[in-house]
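Now for the letters of each chain:
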Amino acid sequence: EPLVMGIYNYNEKQRRAREIRDSRIGENDAYWFFNTVDDVNNKWGMLKATRPDNIKIMLLNAERYDSLKNVNNRLGIKGVSPAVLDHVVQRAKKDSLRIFVHAETAFDVKIALISGAHVLAHHPGHAWNGNPNELAKYEISDDLIELAKQNKVTNIATTSIAKKYAINYLDGTP
């Protein structure tokens, strides 16, 4: 949205975050909101008409989806429900599309792997607040790593969490 709105400066983007969030200029063109399985079914044809190579799903805090599903005023706190993810994966596989999942927590990774995602687009913890007491919810277990390996899931690492941890809890140098 910021680029479509002509906003290129990071500080300007932060200042206008609410306006950007509410604009939805690219909705049903550059991205789709799938809040329900019916949304997927109703919008799938439009999505397919854009001839995508891949589908990227935001799976954010799925373990709390029921308590977050009505939160619409914060970016990055919720994604699709596990049921919607499963349905999108089924539809995408029928259409030979690969599924990339942005997973925020280790639980999200588990749900993505069980659903049949092809790629984990980020490591969990992008929104981690730096508190070491909360780090466990982002740690991927050996069992999940093994499941990803067995399913030949590609993992695209994101290192922002390492920088945040270094700045907040080590010597302050990223």
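Please refer to the structure placed before this passage.
Residues numbered from 1 in each chain as written. Predicted model: local features only at pLDDT ≥ 70, side-chain atom pairs only at ≥ 80, totals over all residues. Heavy atoms only, no water.

Student: Any chance you could break down the environment of D39 for me, citing the residues and the numbers?
Tutor: Turning to its location among the elements, D39 is positioned in helix 3 (residues 37-49). In this structure the C-alpha to C-alpha distance between D39 and V84, which are 45 residues apart in sequence, comes to 9.0 Å. A polar atom in the side chain of D39 sits 2.9 Å from the backbone nitrogen of N35. (Helix = DSSP H or I, 4+ residues; strand = E, 2+ residues; numbered from the N terminus. Polar contact = N/O pair within 3.5 Å; in protein donor to acceptor, adjacent residues only side chain to side chain.)

Student: Please set out the packing of helix 6 (residues 106-115) against helix 7 (residues 142-150) residue by residue, giving values where relevant.
Tutor: Where helix 6 contacts helix 7, the axes come no closer than 10 Å and their chain directions differ by 30 degrees. What the angle tells us is that helix 6 and helix 7 run roughly parallel. Considering the relative orientation of helix 6 and helix 7, their crossing is left-handed. Note on element contacts: helix 7 touches helix 6 through L144, L147 and A148, opposite A106, V109, K110 and L113. Of the residues belonging to the contact of helix 6 with helix 7, the class tally is 6 nonpolar, no polar and 1 charged. (Axes fitted to C-alpha atoms, helices over the stretch in contact; angles between N-to-C directions. Parallel < 35°, antiparallel > 145°, perpendicular 65-115°, else oblique. Left-handed = near helix turned anticlockwise from the far one by under 90°. Contact = heavy atoms within 4.5 Å. Nonpolar A, V, L, I, M, F, W, Y, C, P; charged D, E, K, R; others polar.)

Student: I'd like a description of the sheet that holds strand 4 (residues 154-155), backed by residues and values.
Tutor: Strands sit in the order 1-2-3-4 across an open sheet of 4 strands; the sheet is parallel. In this open sheet, the two strands that pair with only one neighbour each are strand 1 (54-59) and strand 4. Looking at chain direction, strand 2 (residues 98-103) and strand 3 (residues 119-122) are connected through 3 bridges and run parallel. Looking across to strand 3, one finds that H102 is bridged to H122. Relative to strand 1, helix 5 (residues 82-94) is tilted by about 175 degrees, and along the sheet it contacts strand 1 and strand 2. (Pairing = 2+ DSSP bridges.)

Student: Can you lay out the nonpolar core for me, pointing to particular residues and giving the numbers?
Tutor: In terms of nonpolar packing, the biggest core is built from 28 residues, with W44, I55, V88, I99 and V101 touching the most fellow members. For this core, the elements supplying multiple residues, two or more each, are helix 3, strand 1, helix 5, strand 2, helix 6 and helix 7. Looking at this core, the element that brings in the most residues is helix 5, giving 5 residues. Apart from the residues within four sequence positions on either side, I99 is in contact with I55, I57, V88, V89, A92, A117, H118 and V119. (Core = buried A, V, L, I, M, F, W, Y, C linked by side-chain atoms within 4.5 Å. Buried < 20%, exposed > 50% of the residue type's maximum accessible area, 1.4 Å probe, protein only.)

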